[in-house]
Amino acid sequence: MGEIEGTYRVLQTPGSRLGVQKAPGVSTLEPGQNLSTAMASLPAKTHERDLPIKIKLLDNTVEVLDIESKYYGQTLLTEVYKHLNLIESDYFGIEFQNIQSYWIWLEPMKPVIKQVQRPKTTMLRLAVKFFPPDPGQLQEEYTRYLFALQIKRDLAEERLTCSDNTAALLVSHLLQSEIGDFDESEDREHLKTNQYLPNQERIEGKILEFHRKHVGQTPAESDFQVLEIARKLEMYGIRFHLASDREGTKINLAVSHMGVLVFQGNTKINTFNWSKVRKLSFKRKRFLIKLHPEVCGPYQDTLEFLLGSRDECKNFWKICVEYHTFFRLFDQPKPKAKAVFFTRGSSFRYSGRTQKQLVDYIKDSGMKKTPYERRHSKARASTCASNTNMLKQSVPFTEDLRTPGSPASAAAPFHSVHSSSTPPTVLPIFAETSPSSLDTRAPYTRIPEKNTAAPAEVGRKLMQQPGSPMLQGLPVDHPQLSSLMLKSSLGLNPAFKVNLNAAGQGSSPLLSPVLSDAGGARIEEDDEMKRKRYPTDKAYFIAKEILATERTYLKDLEVITVWFRSAVIKENAMPEGLMTLLFSNIDPIYEFHRGFLKEIEQRLSLWEGKTNAHMKGDYQRIGDIMLRNMRTLKEFTSYLQKHDEVLTELEKATKRLKKLEVVYKEFELQKVCYLPFNTFLLKPIQRLLHYKLILGRLCKHYTAEHRDFADCRNALKEVVEMTSQLQHSLIRLENFQKLTELQHDLIGIDNLTAPGREFIREGCLYKLTKKGLQQRMFFLFSDMLLYTSKGVTGTNQFKIHGHLPLHGMLVEESENEWAVPHCFTIYSAQKTIVVAASTRLEMGKWMEDLNMAIEMAKKSTEKSGMLLENSVCNRSNRSSDEVSLEQESEDDIHSSHSSLDRQSHHRANTTMHVCWYRNTSVSMTDHSVAVENQLSGYLLRKFKNSNGWQKLWVVFTNFCLFFYKTHQDDYPLASLPLLGYTVSSPVEADGIQKDYVFKLQFKSHVYFFRAESKYTFERWMEVIKRATSSPARSSLLLPKDEKDSHTD
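Keep in mind that this is a model prediction, so the values were computed, not measured. (Residues numbered from 1 in each chain as written. Predicted model: local features only at pLDDT ≥ 70, side-chain atom pairs only at ≥ 80, totals over all residues. Heavy atoms only, no water.)

1. A look at the side chain of Thr-271
No. 1: By the element assignment, Thr-271 lies in strand E9 (residues 267–273).
No. 2: Judged by relative accessible area, Thr-271 falls into the buried class, the value being 19%.
No. 3: Filtering out sequence-adjacent residues up to four positions away, Thr-271 remains in contact with Met-258, Val-260, Leu-261 and Lys-276. (Helix = DSSP H or I, 4+ residues; strand = E, 2+ residues; numbered from the N terminus. Buried < 20%, exposed > 50% of the residue type's maximum accessible area, 1.4 Å probe, protein only. Contact = heavy atoms within 4.5 Å.)

Take a look at the structure:
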């Protein structure tokens, strides 16, 4: 990124929490100078009386702050943040309207009275200043609550324009957050007295219809849903600035996390990403964007827009500078040297932490989540509400509690002008955890500083009471809470889920995955005590594995039954017959597993229970539930046998119907579709294999005399019977799924799913050309070998460069001939190519699979050439052995235009892309092994250079770890492809002093994960080892005497 005009100050220290008696976390003053000394250095004048400043908060309450006339903006901001006990304060700012009636942000480094011309009569208001692209980046629930209030304000002010359906859905979630579960009479009364939208009476019916579906949803979940819906809207966080272009056309300018946006009306017509912008500046009323030469070519490199006045132009330029610094930079650049005689240009700079610094600050400081008040929320019929709303946010009583006389609370006085009728109350930090006392509808209360005095003795007594553990110590997956936290299928809100904006999503990280600590809370060292509360029997942890993987499996089914259904219904893209075929098969299976999951949760809850010691013998087993449900599942075998037809018909329809193809591709780009879509269709059959393996482990663990052994053995027999019927179908479906996945990802082939073709191996090899070794992606099938290169476009698709039929092919090792390590030559009827693998092991795998495939092709009665005639697109036959680099690049450019027309973004987390970046390969055998090695559960994660552990829900599937905040989340926060990684136990040099920790490493990338038990630790080690390290099957790696004995 080139320079952005304006100067910055060096960030001297990392930020400190706003609200303590210290200088603000980010200083933009000269070295050695702080805010108090800067203000003290002003000429002494007679003390003027305090100014009453009115500030409207996001919940529409108005607070009055008496400040001195020379107060700087930073001091006012600090007082407001401290009053609210706001931690992630850098996302917010204070805005006011100037004489021209457009909104301006209060600058921290200027006195308030020099910015606000009539401070006594002007109403300032707290607002969200920086809108992150993903609400998951907001690490505090309280911050998300304030963001939801900002969305509510934007809806009321018609800033966030959207369709009636989306508006009704947003309001329904706001209703759920504020008044709780659906009650038609109360809803109508509330809507009469509260205006969420202009003319909301017109869509009141839709609002009530949506609200009816949110039963049981907590206020925190409602906030998150509001942000999830809002962030996918084009007008999310957009603030228009009226302007015109060089031709005089009226347009609107705006700025977001990605860059400068241009709108015509409410339609976005252009985006200038920060990476394309070299410089932003203004001259009088003209706003100038200077682009990098490679973006605009040799011609017009500077774009010019005309705003209403110089002040408006400068105001917009300042906002751009701040947005760029906050989202794009890791920390502030060094300041420009001050000119001795005169200065040129504005000295404005962003004053505050960048988003990266803010995330790091909260992560490194281990900040506890603190309670807060929801002024608008009402608890319904709950006398114990105040004790139970700490599920989401709770802290030990010593955290951030201050006495009224402490220095932190002795700053400028606040007094409320009008607020909610219910005064803020101090909630107890500890509460009983019995199911009867849990009420998730209770409002949360953030404790104001002046009310937070709590004697330590009270806290100690509460901690000593039996049966009163801290709720913070209660794990998220505690089965006693699981029934309260589970969403119903109606609560999944399919109406909004198809509006995901794929363009705003970053591709999953491959080489150096980074997951911010937005995913979970810090884990304290007392988790050893929590672990002791649970049973230690191995059977319990096996049953817990069933529960964890069943939760993931049900979420995978929802990708089809809820999310994909919503997408095709909204666009009316799927024929009625195919809709019936697909969903009549999958819906009954989904409903069965919903009931099955509830049974497992209830049983695990009783198994862990403290008060049912006399019944433990009846409930410390899982075989009876498995046997009963496996027998019921046998009735669904006919549905599973139709999956072959479903997969085939869906593929045919996407080829035939352009509209369905577009919906299908767009859906695969949504975050919820974290795997290629058709893999979800195979999950029901693959799940039977998981049951078979888990039940096998239970039977192996139990003795024949154990009361649970007979049920587990009979359940295993039922599953074995089902899997034997479906095994052949599964092998055929997995091959077909892989071929269709490659069909979508490869450019230059029409009919990859030709009958009889089988996928064998994909991976990265280096092809010897006139320009040297060139990286290529190779795909081996039962009838041909394809080699491709990665496109230079944003689609991330691979373009086919050549195809070689296996009929008549010969493979020879040629390291000595070419003096290239791990090199071998492929002779075919068309041409001869020389390739090199990254390691000798990789070379052995390729040569073994190639020789095996060549032998299969010889025995095949069908000629592979006939398939090639029909499948591979017509391409110029190159007589030369190699293709020059210039020719390939030109071809890539030509192909990129057509592919960009079809698709502007593409998945980067498939095994194909991982193999490309990791210089490795994967065979169909590896894929089959990976299917059996899938696992889910909570783990504690630690980076190599960090101190704390972070609790995350982790799903391992498709050679990849997917990280979620909780098991209820609909899509992962980040992912970590494990091909190429090694898994091991930490060594002494790692400094890990904990039990059950395993280490993942790829080059310099190191991650530590901590399991809850020895069994869980061994299972994670086992599945990752088996799935990521395919066996060295190649006989080429064996000594000569052994090679003969291994020959078939």
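2. Quick look at the sheet that holds E9
No. 1: Across the sheet, which stays open at both edges, the seven strands sit in the order E9-E8-E7-E6-E12-E11-E10 with antiparallel pairing between neighbours. Each of the sheet's edge strands pairs with one partner strand only, and the pair in question is E9 and strand E10 (277–283). Put simply, the sheet's adjacent strands are angled 35° from each other on average, direction ignored.
No. 2: In the sheet, strand E6 (residues 241–244) pairs with strand E7 (residues 250–256) via four bridges, with the strands oriented antiparallel. By the bridge assignment, Leu-242 is partnered in E7 with Asn-252. (Pairing = 2+ DSSP bridges. Axes fitted to C-alpha atoms, helices over the stretch in contact; angles between N-to-C directions.)

3. Some details on the confidence of the model for the protein
No. 1: Overall, the prediction assigns the protein a mean pLDDT of 74, with 69% of residues at 70 or greater.
No. 2: Here residues 610–614 scores under 50 on pLDDT; set against residues more than four positions off or in separate chains, the count is two contacts.
No. 3: Note on residues 863–906: pLDDT is under 50 here. Beyond four places in sequence and across chains, it has 81 contacts. (pLDDT = per-residue confidence, 0-100.)

4. Describing unusual backbone geometry
Leave glycine aside and you will find that most residues have negative phi; peptide bonds, for their part, are mostly trans.
No. 1: Of note, the phi angle at Glu-158 is positive, near 60°, even though the residue is not glycine.
No. 2: Position of Glu-158 relative to the elements: it lies in the loop between helix H4 (141–156) and helix H5 (164–179).
No. 3: Exposure remark for Glu-158: the relative accessible area of 55% places this residue in the exposed category.
No. 4: The phi dihedral of Lys-1003 falls on the positive side, at around 55°, and the residue is not glycine.
No. 5: Within the secondary structure, Lys-1003 is located in the loop between strand E29 (997–1002) and strand E30 (1005–1010).
No. 6: By relative accessible area, which is 69% here, Lys-1003 ends up exposed.

5. Considerations on the side chain of Arg-687
No. 1: By the secondary structure assignment, Arg-687 is in helix H24 (residues 677–701).
No. 2: Taking the relative accessible area as the measure of exposure, Arg-687 reaches 2% and is therefore buried.
No. 3: Discounting chain neighbours no more than four positions away, the residues touching Arg-687 are Ile-546, Thr-549, Glu-550 and Tyr-553.

6. With respect to the nonpolar core
No. 1: Within the largest apolar cluster, 98 residues are counted, with the highest numbers of intra-cluster contacts made by Leu-76, Phe-92, Phe-287 and Ile-289.
No. 2: Residue contributions to this core peak at nine residues, all from helix H10 (residues 310–328).
No. 3: Counting 86 residues, the second largest nonpolar core, distinct from the first, contains Tyr-590, Trp-607, Phe-667 and Leu-726. (Core = buried A, V, L, I, M, F, W, Y, C linked by side-chain atoms within 4.5 Å.)

7. Section: the pattern of salt bridges
No. 1: All chains considered together, the criterion is met by 48 salt bridges.
No. 2: Across the pair Arg-757 and Asp-783 runs a salt bridge whose closest N-O atoms are separated by 2.9 Å. Taken together, the residues span a long stretch of sequence, with Arg-757 in the loop between strand E15 (746–747) and strand E16 (759–769) and Asp-783 in the loop between strand E17 (772–781) and strand E18 (784–790) at a distance of 26 residues. Just as Arg-757 is buried, Asp-783 falls in that class too. (Salt bridge = Lys/Arg side-chain N within 4 Å of Asp/Glu carboxyl O.)

8. Description of the pairing of E30
No. 1: In terms of burial, E30 is largely enclosed, as five of its six residues are buried.
No. 2: Summarising the sheet, strand E24 (residues 935–943) and E30 pair through four bridges and their orientation is antiparallel. Note that in E30 the partner of Phe-943 across the bridge is Tyr-1007.
No. 3: Judged from the six bridges that link them, E29 and E30 form a sheet pairing that is antiparallel. Paired with Gln-1001 across the bridge in E30 is Val-1006.
No. 4: Linkage of E29 to E30, two consecutive antiparallel strands, is achieved through a turn of two residues, within which Lys-1003 is found at a positive phi near 55°.

9. Things to note about the packing of helix H18 (residues 576–608) against helix H22 (residues 643–656)
No. 1: One can describe the packing of H18 onto H22 by two numbers: an axis separation of 10 Å at closest approach and a directional angle of 140°. Here H18 lies oblique to H22, going by the angle between them. Where H18 crosses over H22, the handedness of that crossing is left-handed. In contact with Leu-578, Leu-581, Leu-582, Asn-585, Ile-586 and Ile-589 of H18, H22 contributes His-643, Glu-645, Val-646, Glu-649, Leu-650 and Ala-653.
No. 2: Here the residues of the contact of H18 with H22 sort into eight nonpolar, two polar and two charged. (Parallel < 35°, antiparallel > 145°, perpendicular 65-115°, else oblique. Left-handed = near helix turned anticlockwise from the far one by under 90°. Nonpolar A, V, L, I, M, F, W, Y, C, P; charged D, E, K, R; others polar.)

10. Side note on the pairing of E6
No. 1: Linking E6 back to E7 in an antiparallel pair, the connection comprises five residues, with Gly-248 at a positive phi of about 90°.
No. 2: Strand direction decides the pairing type here: E6 and strand E12 (residues 302–307), joined by two bridges, are antiparallel. Looking at E12, one finds that Ala-243 is bridged to Leu-307.

11. With respect to the packing of H5 against helix H7 (residues 204–211)
No. 1: Here H5 crosses H7 at 55°, and the two axes come no closer than 8 Å. Our classification of the angle between H5 and H7 gives oblique. Here H5 runs over H7; the crossing is right-handed. Residues Asp-164, Asn-165, Ala-168, Leu-169, Val-171, Ser-172, Leu-175, Gln-176 and Ile-179 of H5 form the contact with H7, whose participating residues are Lys-206, Ile-207, Phe-210 and His-211.
No. 2: Classifying every residue of the contact of H5 with H7 gives seven nonpolar, four polar and two charged.

12. Comments concerning the packing of aromatic side chains
Pairs of aromatic rings are described using the distance from one ring centre to the other and the angle between the two planes.
No. 1: Under the definition given, this model contains 37 aromatic pairs.
No. 2: Taken together, a centroid distance of 6.1 Å and an interplanar angle of 85° make the contact between Phe-130 and Phe-327 edge-to-face. You can see Phe-130 sitting in the loop between strand E5 (123–128) and H4 and its partner Phe-327 sitting in helix H10, a full 197 residues away along the chain.
No. 3: What links up through ring pairs into an aromatic cluster is the set Tyr-91, Phe-92, Phe-130, Phe-131, Phe-147, Tyr-236, Tyr-323, Phe-326 and Phe-327.
No. 4: The residue whose ring lies beneath Arg-918 is Phe-1002, and the NZ or CZ to ring-centre distance is 4.7 Å.
No. 5: A cation sits over an aromatic face here: Lys-951 above Tyr-938, 4.9 Å from the ring centre. (Phe/Tyr/Trp six-rings, centres within 6.5 Å; stacked < 30°, edge-to-face > 60°. Lys NZ or Arg CZ within 6 Å of the ring centre and 35° of its normal.)

13. Some words on the environment of Ser-828
No. 1: Mapped onto the fold, Ser-828 is located in the loop between strand E21 (823–827) and strand E22 (832–836).
No. 2: Overall, Ser-828 belongs to the buried group, its relative accessible area being 13%.
No. 3: With 22 residues separating them along the chain, Ser-828 and Leu-806 place their C-alpha atoms 7.4 Å apart.
No. 4: Contact partners of Ser-828, with chain neighbours within four places excluded, come to Leu-804, Pro-805 and Met-809.
No. 5: Polar contacts involving the side chain of Ser-828 include one to the main-chain carbonyl oxygen of Lys-831, which spans 2.8 Å. (Polar contact = N/O pair within 3.5 Å; in protein donor to acceptor, adjacent residues only side chain to side chain.)

14. Thoughts on the environment of Leu-978
No. 1: In this fold, Leu-978 is placed in the loop between strand E27 (974–977) and strand E28 (982–984).
No. 2: According to the relative accessible area criterion, Leu-978 is buried, its value standing at 0%.
No. 3: Along the sequence, Leu-978 and Ala-1027 sit 49 residues apart, while their C-alpha atoms lie 8.9 Å from each other.
No. 4: Excluding anything up to four places from it in sequence, Leu-978 contacts Arg-918, Phe-956, Phe-959, Cys-960, Leu-961, Leu-1000, Ile-1024 and Thr-1028.

15. Concerning the environment of Val-559
No. 1: Positionally, Val-559 belongs in helix H17 (residues 538–571).
No. 2: Judged by relative accessible area, which is 2%, Val-559 ranks as buried.
No. 3: For the pair Val-559 and Phe-680, spaced 121 residues apart in the sequence, the C-alpha separation amounts to 7.6 Å.
No. 4: The residues touching Val-559, leaving out its near neighbours within four places in the chain, are Phe-564, Phe-667, Val-672, Phe-677 and Phe-680.

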